[in-house]
Amino acid sequence: MCPDSADVDSNADADSKYESEPLRPQFWSRFALTELNHSEWEALCDGCGSCCLIKYIDEDESGNVDEELVEYTDVTCQLMDCATGYCSHYATRQEHVPDCIQLTMDNLPKMMWLPSHCAYKRLYKGQGLPSWHLLLTGDAVVTQQQMRAANVGVAGRCVTEIGMSDEEMETRVVNWVNP
């Protein structure tokens, strides 16, 4: 579920029309989330893949979630490449997995179950980007190394949901993702 902007179709044609939008210098600290263009919104995603993990979320009657009670498993969506930690069909993911949640500015306030390192959640809460974020380091290799050192990301430590029973998933709760 790497995020998508609010008004964009999930098809490749819609995605391609946004590819040319430039990233404004330090946009994450100069503009509100609602003022970001599609490219900037997408660039906030650190690619950790944690949002694609199966999780157990309890909501109260109003639909509010106590983020401290969210339990993540190491089981991920069928589209996740568990070796790399990336979606194998990101641009067309909702054609393959119709219930894939698109993170938008509209639904972000109800998604505080996202991991504590998530740039969307952090910026929404008035916090800065994590020091290892690609937008700060400018170097994908350094970012990946620092993410591993910070124990962030699903690459190499998740399993696919394909063929897994609900009962088995319930036994796979992990503590390496912190909401």
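Below is a short write-up of the structure. Computed from a predicted model, the values in this text were never measured in an experiment. (Residues numbered from 1 in each chain as written. Predicted model: local features only at pLDDT ≥ 70, side-chain atom pairs only at ≥ 80, totals over all residues. Heavy atoms only, no water.)

## Description of the overall build of the chain
Going by this rule: Note on conventions: DSSP H or I runs of at least 4 residues are helices, E runs of at least 2 residues are strands, and numbering of each starts at the N terminus. The rule is simple: take the accessible area with a 1.4 Å probe, protein chains only, and divide by the maximum for that residue type; under 20% is buried, over 50% is exposed, in between is partly exposed. Here, residues are in contact when the closest pair of their heavy atoms is within 4.5 Å. Accessible surface area values rest on a Shrake-Rupley calculation with a 1.4 Å probe, where residue burial reflects the displayed protein chains alone.
Each helix and strand counted, the chain has 8 helices and 6 strands in total. Counting from the amino terminus, the chain carries its helices and strands in the arrangement α-α-α-β-β-β-β-α-α-α-α-β-α-β. Within the chain, buried positions represent 43% of all 179 residues. Looking at the chain alone, contacts between residues at least 24 apart form 58% of all its contacts between residues at least 6 apart. Element-wise, carbon and sulfur atoms account for 48% of the exposed surface of the chain, whose accessible area totals about 9,600 Å².

## Thoughts on the pattern of salt bridges
Convention followed: Salt bridges are defined by distance alone: a side-chain nitrogen of Lys or Arg within 4 Å of a carboxyl oxygen of Asp or Glu.
Taken as a whole, this structure holds 4 salt bridges when the rule is applied. For Lys121, the salt bridge goes to Glu67, with nearest N and O atoms at 3.0 Å. With a gap of 54 residues between them, Lys121 in helix H5 (residues 119-124) and Glu67 in the loop between strand E1 (53-56) and strand E2 (71-76) connect regions that are remote in the sequence. The class of Glu67 is buried, set by a relative accessible area of 18%. Salt-bridge contacts for Asp74 lead to Arg172; the nearest nitrogen and oxygen are separated by 2.7 Å. Of this pair, Asp74 sits in strand E2 while Arg172 sits in the loop between helix H8 (166-170) and strand E6 (173-174), and the two are 98 residues apart along the sequence. Accessibility expressed as a relative area gives 12% for Asp74, which makes it buried. One salt-bridge network, in which partners are shared between bridges, spans Glu67, Lys121 and Lys125.

## So, a negative patch on the surface
Cut-off, in case you're wondering: In this analysis, a patch consists of residues with relative accessible area above 30% that form no salt bridge, clustered at 9 Å for like charges and at 5 Å for the nonpolar side chains Val, Leu, Ile, Met, Phe, Trp and Tyr. For the purpose of counting charges, residues Lys and Arg are taken to be positive, whereas Asp and Glu are taken to be negative. His and the chain ends are not included. By convention, the charge on Lys lies at NZ, on Arg at CZ, on Asp at CG and on Glu at CD.
A cluster of like negative charges, contributed by Asp58, Glu59, Asp60, Glu61 and Glu71, occupies part of the molecular surface. Among the secondary structure elements, Glu61 is positioned in the loop between E1 and E2.

## Things to note about the environment of Ile57
Mapped onto the elements, Ile57 comes out in the loop between E1 and E2. Residue classification places Ile57 among the partly exposed residues on the basis of a relative accessible area of 31%. Separated by 14 residues in the primary sequence, Ile57 and Glu71 have C-alpha atoms spaced 6.8 Å apart. For Ile57, the residues in contact, after removing those within four places along its chain, are Val65, Val70 and Trp113.

## Observations concerning the packing of aromatic side chains
In this description, an aromatic ring pair is defined by two values, namely the gap between the centres and the angle between the planes. As a reminder, the rule being used: Here is the rule: rings of Phe, Tyr and Trp (six-membered ring for Trp) pair when centre to centre is within 6.5 Å. Planes less than 30 degrees apart are stacked, more than 60 are edge-to-face, and the remainder are tilted. When the NZ atom of lysine or the CZ atom of arginine is within 6 Å of a ring's centre and also within 35 degrees of its normal, the charge is said to sit over that ring.
According to the stated counting rule, one finds 2 aromatic pairs in the structure shown. With centroids separated by 5.3 Å and ring planes inclined at 85°, the aromatic side chains of Phe27 and Trp28 adopt a geometry described as edge-to-face. Positioned above the aromatic ring of Phe31 is the side chain of Arg24, whose terminal nitrogen or guanidinium carbon lies 3.7 Å from the ring centre. Its guanidinium or amino end placed over the ring of Trp176, Arg157 lies 3.9 Å from that ring's centre, counting from NZ or CZ.

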